[in-house]
Amino acid sequence: MQERKAQLSANAVKLIFLLVFAAAGIIFGAAVSAGGRLGTSAAEYILAVRSASPLWVIAGTSFRGTALLTAACFLLGFSAVAQPAEAVMPFFFGTGFGALAAGMWKTGGALCTASVLPGGMIAAFAVSVAAREAMRMSEAVFRRTFLPDEYTPADVKLYIKKFMIILVIGAAASAADGVFALLLSAFGG
């Protein structure tokens with residue numbers, strides 16, 4: 001029982017670390033974007049897509065980045081030494097999202113920025129959970145490869161199921177992004 005609580009606590013600490021890393025990426029992306037046109041050109045493109053597209057196009061465009069980073073985390077989980085790369089995935093997501101949010105602020109103001117925040121925050125959570133699960137799988141692969149005496153079984157079926165759930169969370173984030181984009185266009189944004 002005590003060991004299970006320690007394991008849950010370690011997983012919570014990893015997730016909090018990864019979420020903080022995603023937030024640092026958001027701040028970094030916004031800071032880099034604030035001084036130039038980096039996020040503005042992307043925001044102009046995204047606003048054009050959002051204003052003239054149906055929900056499924058907006059959600060599909062939004063889902064692409066989350067799905068790619070989740071797939072990268074999934075594949076990195078099968079490597080025994082990929083934990084540093086897995087830990088950086090939320091920062092990568094945050095950097096892109098921060099640049100987008102800053103560009104939306106410069107292009108359309110607070111309402112446009114608010115329209116991307118709910119979906120972006122849910123997607124940041126999904127990518128952070130994907131990175132945590134990949135780190136756990138990498139640790140199991142590392143133990144099996146380099147420390148056979150300390151072997152902990154890695155259940156690949158459970159790993160795949162977890163990533164399917166993470167992709168569903170990413171799809172929900174994309175749907176939220178699409179709904180908020182349609183609400184923004186309905187209010188003339």
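Up top is the structure these notes are about.
Draft legend 1. The environment of Ile122, seen in detail. Note that Ile122 resides in helix α5 (residues 110–146). Judged by relative accessible area, which is 33%, Ile122 ranks as partly exposed. For the pair Ile122 and Ile169, spaced 47 residues apart in sequence, the C-alpha to C-alpha distance is 7.4 Å. Each residue touching Ile122, except ones within four places of it in the same chain, is listed here: Ile169 and Ala173.

Draft legend 2. How the structure looks around a nonpolar patch on the surface. Side chains of Leu55, Leu111, Val179, Phe180, Leu182, Leu183 and Phe187 sit close together on the surface and give an oily, nonpolar patch of about 630 Å² of accessible area. Broken down by element, the residue count for the nonpolar patch peaks at four residues, all from helix α6 (residues 156–186). By the element assignment, Phe180 lies in helix α6.

Draft legend 3. Seen up close, the packing of helix α3 (residues 55–76) against α5. As a packed pair, α3 and α5 sit with axes 8 Å apart at the nearest point and diverge in direction by 10°. The pairing of α3 with α5 is recorded here as roughly parallel in orientation. Between α3 and α5, the contacting residues are Thr66, Leu69, Thr70, Cys73 and Leu76 on the first element and Ala123, Val127, Ala130, Ala131, Ala134 and Ser138 on the second. Residues of the contact of α3 with α5, tallied by class, amount to eight nonpolar, three polar and no charged.

Draft legend 4. Summary view of the side chain of Ser138. You can see Ser138 is positioned in helix α5. Once residues within four sequence positions are removed from consideration, Ser138 is found in contact with Leu76, Gly77, Ser79, Ala80, Ala82, Gln83 and Glu86.

Draft legend 5. Focus on the packing of α3 against helix α4 (residues 83–108). It is the contact of α3 with α4, at a shortest axis distance of 10 Å, that shows an interaxial angle of 175°. If you check the angle between α3 and α4, you find them roughly antiparallel. Along its contact with α3, which presents Thr66, Leu69, Ala72, Cys73 and Leu76, the element α4 presents Ala85, Glu86, Met89 and Phe93. Across the contact of α3 with α4, the residue classes break down as seven nonpolar, one polar and one charged.

Criteria and cut-off values
Residues numbered from 1 in each chain as written. Predicted model: local features only at pLDDT ≥ 70, side-chain atom pairs only at ≥ 80, totals over all residues. Heavy atoms only, no water. Helix = DSSP H or I, 4+ residues; strand = E, 2+ residues; numbered from the N terminus. Buried < 20%, exposed > 50% of the residue type's maximum accessible area, 1.4 Å probe, protein only. Contact = heavy atoms within 4.5 Å. Patch = residues over 30% accessible without salt bridge, like charges linked within 9 Å, V, L, I, M, F, W, Y side chains within 5 Å. Areas by Shrake-Rupley, 256 points an atom, 1.4 Å probe, with all protein chains shown as cover. Salt bridge = Lys/Arg side-chain N within 4 Å of Asp/Glu carboxyl O. Axes fitted to C-alpha atoms, helices over the stretch in contact; angles between N-to-C directions. Parallel < 35°, antiparallel > 145°, perpendicular 65-115°, else oblique. Nonpolar A, V, L, I, M, F, W, Y, C, P; charged D, E, K, R; others polar.

Nothing here speaks to function; it is all geometry.
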